[in-house]
Amino acid sequence: MKKIFLSNKVFRLFIIFICLVAMPALLQNCSKKNLDVTNPNALPITAFWKTESDAEKGLVACYGPLTSIQGWGRMLGAILTIQRGDDVNPFPSTGVQDVGTFLSTPVDGRVGEGWGELNAIVARANAVIFNVPNIAMEDAVKTRILGEAYFMRGVAHFYLLNMWGNIPLILKPIQAVNDLFITQAPQADVWASITTDFKDAQSRLPETVAAKDIGRATWGAATAMLGKAYLFTKKWTDAAAEFKKIIDKQALYQLVLNYQDNFLETTNNNAESIWELQYQSTPTGNWGTSGTANPLRGQAWEADVAPVGYTSQGTTTVNQWVFDLFMEQKTKDNKIDPRAYATINWDYPGAKVYQDDFQKALNGANRNKIWIRKYLNYERTSSLTPGSWGYANNNRRMIRLADVLLMYAEAVNEAGSADTDAYGAINRVRARANMPDITPALGQDAFRTAVRRERALELSLEGDRVFDLLRWGTMADVFAAHPEYRSNSGGIFIKGKHEYLPIPQNDISANPKIKQNNGYN
């Protein structure tokens, strides 16, 4: 046994010696090219971005995150927007509604999902903007495709900035590992990029699109978002000028006669809509992001705001001040503002909750609460049936003319004082609801108050309230003065923290140059 062991040892040493001698020769004949092995199952980037069809496919992918569950299908549609406003009062639901109850942390999955889908839009839009100029196609088609890509990148950066505050500004495709290690940009730089993108989109996009392309970005959508960018950065005169362009396009945009038509499936894409998301009934879709096969694309955030007993989720009530605001002033014929019935639900004669009478549907203290009505599909029996999460497809109106009219009135007033056109804009919104004109000849402060009140009456529960509070600089003060706005959860707003969401921990762990937002460390 000993001789065998010794002979094996000698043999092993011999083999090692041969390898050491041969290795330099082997390495000399081996180049880096030999080490670059192509995965035969993967489509190389050079095989794409060749044709007009490739360009269209790449562009369509930019829209994908908008209506996924992680996008405005649910997370961005309600949990990360509607439930953060002072108009609503979310119930606690660990792991789901922590953002709205001020309990969110950097590992909150809902936060990460919204962040991920918005950044997916940025990455896909960058790919279009970088690659499409090199593809041979008609100039008009190329111009339009690039316009939509600029619009989508501007939209994604607009929401990333206003929800997370401190974000990287990525304006080209990631081509090397080091491209991933990027610092957050100054807010002024992000705003400049957003403004430039919307200007580029505005100059390239058509005023209208064919029926098959409804939902794509248009001149009006780009103009409205450019106006919002100016409004949010307090460039009042520029904002008013952009909004006025839309208001003057009376052949394109008009207020619909029935206010509730802005929230019903049967009146999707009506004359008031400037840009709206196109939901699809996908009851057999999966729960994945826009990058997965057959994701859910229905309006699934209804389950997060429907009344108790009509959803499996934590649900949400409306704060009393919203109800009181609706009741303060009657219409010209001495009735309740009709917008109240389309916005909120309370115990009034004939009130329904889905297919049930309000008084039979809700008992005890719940009968005395104010509930959300806007965007709920009352032809169903609850928020989850029929068809579960992927059923409802009453589109989300991201920008509508009434909002533009009120932003125009606000911008004109902030630029100096309200003029005849500013009064005309706010009174046009009120006239649709048969409400009397606001008091004439108001001072700047009084007109500012009137516009802000009107925004609450017209736009409550549409997801814009949190952004209004943020840009007005009143968010912390409002919640500090009114802890009852989170009475359902006892959530406490911390000034200097809860204005923005936490940066997802995964991104911070992967990139040491990314710094966490204040208060979340």
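Residues numbered from 1 in each chain as written. Predicted model: local features only at pLDDT ≥ 70, side-chain atom pairs only at ≥ 80, totals over all residues. Heavy atoms only, no water.

**Thoughts on the overall build of the chain**
In terms of helices and strands, the chain carries 18 helices and eight strands. Projected onto the principal axes, the alpha-carbon positions of the chain cover approximately 110 × 55 × 40 Å. Within the span of the chain, comprising 521 residues, buried residues form 55% of the whole. Considering only contacts in the chain between residues 6 or more positions apart, those separated by 24 or more positions represent 70%. Here the chain displays about 23000 Å² of accessible surface, and carbon together with sulfur accounts for 56% of that area. Here the chain contributes 55 positive and 52 negative side-chain charges, whose respective centroids are spaced 8 Å apart. (Helix = DSSP H or I, 4+ residues; strand = E, 2+ residues; numbered from the N terminus. Buried < 20%, exposed > 50% of the residue type's maximum accessible area, 1.4 Å probe, protein only. Contact = heavy atoms within 4.5 Å. Areas by Shrake-Rupley, 256 points an atom, 1.4 Å probe, with all protein chains shown as cover. Lys, Arg positive; Asp, Glu negative; His and termini not counted. Charge placed at Lys NZ, Arg CZ, Asp CG, Glu CD.)

**Topic: the pattern of salt bridges**
For the coordinates displayed, the defined rule picks out 33 salt bridges. The shortest N-O distance in the salt bridge between Arg339 and Glu458 comes to 2.9 Å. Placement of Arg339 in helix α11 (residues 338-343) and of Glu458 in helix α15 (residues 444-459) is noted, with a sequence separation of 119 residues between them. Note on accessibility: Arg339 and Glu458 belong to one class, buried. Residues joined by salt bridges that share partners form a network here, namely Glu272, Asp337, Arg339, Lys374, Arg400, Arg430, Arg432, Glu454, Glu458 and Glu462. (Salt bridge = Lys/Arg side-chain N within 4 Å of Asp/Glu carboxyl O.)

**Overview of the packing of helix α8 (residues 219-232) against helix α13 (residues 401-415)**
Put simply, α8 and α13 touch, their axes get as near as 11 Å, and they point 35 degrees apart. Remark: the crossing between α8 and α13 carries left-handed chirality. Two secondary-structure elements touch here, α8 through Ala224, Lys228 and Leu231 and α13 through Val404, Met407, Glu410 and Ala411. Residues of the contact of α8 with α13, tallied by class, amount to five nonpolar, no polar and two charged. (Axes fitted to C-alpha atoms, helices over the stretch in contact; angles between N-to-C directions. Left-handed = near helix turned anticlockwise from the far one by under 90°. Nonpolar A, V, L, I, M, F, W, Y, C, P; charged D, E, K, R; others polar.)

**What to know about the packing of helix α10 (residues 320-328) against α15**
Orientation of α10 relative to α15, taken along the N-to-C sense of each, is 105 degrees, at an axis distance of 10 Å. Judged by the inter-axis angle, α10 sits roughly perpendicular to α15. Between α10 and α15, the residues in contact are Trp321, Leu325, Phe326 and Glu328 and Arg453, Ala456 and Leu457, respectively. A breakdown of the residues in the contact of α10 with α15 according to their chemical character gives five nonpolar, no polar and two charged. (Parallel < 35°, antiparallel > 145°, perpendicular 65-115°, else oblique.)

**A word on the sheet that holds strand β1 (residues 88-90)**
Taken in spatial order, the four strands of this open sheet run β1-β3-β7-β4, and their pairing is antiparallel. One side of each edge strand has no neighbouring strand; the edge strands of this open sheet are β1 and β4 (344-345). Bridging between strand β3 (residues 316-318) and strand β7 (residues 370-372) involves two bridges; their strand directions are antiparallel. Note that in β7 the partner of Thr317 across the bridge is Trp371. (Pairing = 2+ DSSP bridges.)

**Digging into the nonpolar core**
With 148 residues, the main nonpolar core has Phe151, Trp164 and Val404 as its most contacted residues. If you tally residues by element for this core, the top one is helix α6 (residues 139-164), at 15 residues. In this structure, Val404 is in contact with Ala224, Phe243, Ile246, Ile247, Ile274 and Ile399, ignoring residues within four places of it in sequence. (Core = buried A, V, L, I, M, F, W, Y, C linked by side-chain atoms within 4.5 Å.)

**Notes on the confidence of the model for the chain**
Looking at the chain, the pLDDT average stands at 91 and 91% of residues meet or exceed 70. A low-confidence stretch, residues 1-38 stays under pLDDT 50, and its non-local contacts, those more than four residues away or across chains, total three contacts. (pLDDT = per-residue confidence, 0-100.)

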